[in-house]
Amino acid sequence: SKDVSLCNDQTSTLCGTLEYLAPEILKKEKYSFEVDWWALGVITYELFYKITPFYHRNKENIIQSILNSPPKFSPTTDISVIDFISSLLTKDPKKRGNLETLKYHKFWGNLDLNKVLNKEYQPLFIPCLKSPIDVKYFDPSFTRESPSDSP
């Protein structure tokens with residue numbers, strides 16, 4: 001994450017997981033919050049298909065797909081899902097979907113985003129934690145790992 005001041009809301013740092021990087025990051029252009037909407041598109045796609053939209057074994061192919069190819073969808077995918085994800089995965093950050101353009105999208109169905117914002121929905125599951133650092137809901141294979149910096 002990066003703290004971007006209100007005076008200068010752009011950065012040019014190359015950081016993140018390759019499959020989630022927006023085209024403007026890969027092109028080493030200055031970028032802003034639109035990269036977060038791109039990442040939401042990637043993770044939404046991944047939640048539906050269990051794979052990222054530009055996945056390939058070869059890193060260069062991933063980069064070229066992010067820069068040049070549209071995401072592929074199953075022919076059985078609901079049109080509202082395709083439209084929602086495609087809006088977020090628009091290559092041009094100025095034309096990319098965002099809260100204002102997507103908050104009334106059919107993708108949300110009957111979900112009222114104003115109620116979400118105002119925390120008016122009751123969650124289906126509320127974890128019972130003994131302390132703020134209780135990790136009982138996490139797989140032990142993750143909680144037993146030693147913390148380390150990325151290479």
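Shown above is the structure to which this text applies.
A few points on the structure.

Basis of the calculations
- Residues numbered from 1 in each chain as written.
- Predicted model: local features only at pLDDT ≥ 70, side-chain atom pairs only at ≥ 80, totals over all residues.
- Heavy atoms only, no water.
- Helix = DSSP H or I, 4+ residues; strand = E, 2+ residues; numbered from the N terminus.
- Buried < 20%, exposed > 50% of the residue type's maximum accessible area, 1.4 Å probe, protein only.
- Contact = heavy atoms within 4.5 Å.
- Areas by Shrake-Rupley, 256 points an atom, 1.4 Å probe, with all protein chains shown as cover.
- 1 Å grid on protein atoms, 1.4 Å probe; cavity = no way out; pocket = protein on both sides within 12 Å on 5 of 7 lines; lining within 4 Å.
- Points joined across faces, edges and corners; volume = space filled by probe spheres on them.
- Nonpolar A, V, L, I, M, F, W, Y, C, P; charged D, E, K, R; others polar.
- Arc of directions from axis to C-beta.
- Phe/Tyr/Trp six-rings, centres within 6.5 Å; stacked < 30°, edge-to-face > 60°.

1. Remarks on the overall build of the protein
Next, step 1: Check the secondary structure of the protein and you find seven helices and zero strands.
Next, step 2: Starting at the N terminus, the α and β elements of the protein follow one another as α-α-α-α-α-α-α.
Next, step 3: Within the span of the protein, comprising 151 residues, buried residues form 23% of the whole.
Next, step 4: Contacts in the protein between residues far apart in sequence, at least 24 positions, make up 46% of those at least 6 positions apart.
Next, step 5: Just so you have it, the protein exposes about 11800 Å², and 56% of that area is on carbon and sulfur atoms.

2. Comments concerning the layout of surface pockets
Next, step 1: Here the second largest pocket is characterised by a volume of approximately 160 Å³.
Next, step 2: For the second largest pocket, the full set of lining residues is Tyr-45, Ile-51, Thr-52, Pro-53, Phe-54, Tyr-55, His-56, Ser-65, Ser-69, Pro-70, Pro-71 and Lys-72.
Next, step 3: Considering only residue class, the lining of the second largest pocket consists of seven nonpolar, four polar and one charged.

3. A look at helix H4 (residues 79-88)
Next, step 1: By the burial criterion, the buried members of H4 are Ser-80, Val-81, Phe-84, Ile-85, Ser-87 and Leu-88. For H4, the angular spread of the buried residues around the axis is 160°, confining them to a single face.
Next, step 2: Lining the buried residues of H4 we find helix H2 (34-49) and helix H5 (99-102).

4. Details of the environment of Pro-93
Next, step 1: By the element assignment, Pro-93 lies in the loop between H4 and H5.
Next, step 2: Through-space distance from the C-alpha of Pro-93 to that of Glu-24 is 7.6 Å; in sequence the pair is 69 residues apart.
Next, step 3: The contact partners of Pro-93, leaving out residues within four places of it in the chain, are Glu-24 and Glu-34.

5. Things to note about the packing of aromatic side chains
Next, step 1: Under the defined criterion, the tally for this structure stands at nine aromatic pairs.
Next, step 2: A centroid spacing of 4.6 Å and a plane angle of 40° characterise the contact between Tyr-45 and Tyr-49, whose relative ring orientation is tilted. Remark: Tyr-49 and Tyr-45 occur in helix H2; sequence separation between them is four residues, near one turn of the helix.
Next, step 3: For Tyr-49, a relative accessible area of 24% puts it in the partly exposed group.
Next, step 4: Taken together, the aromatic side chains of Phe-48, Phe-84, Phe-107 and Trp-108 make up a single cluster linked through ring pairs.

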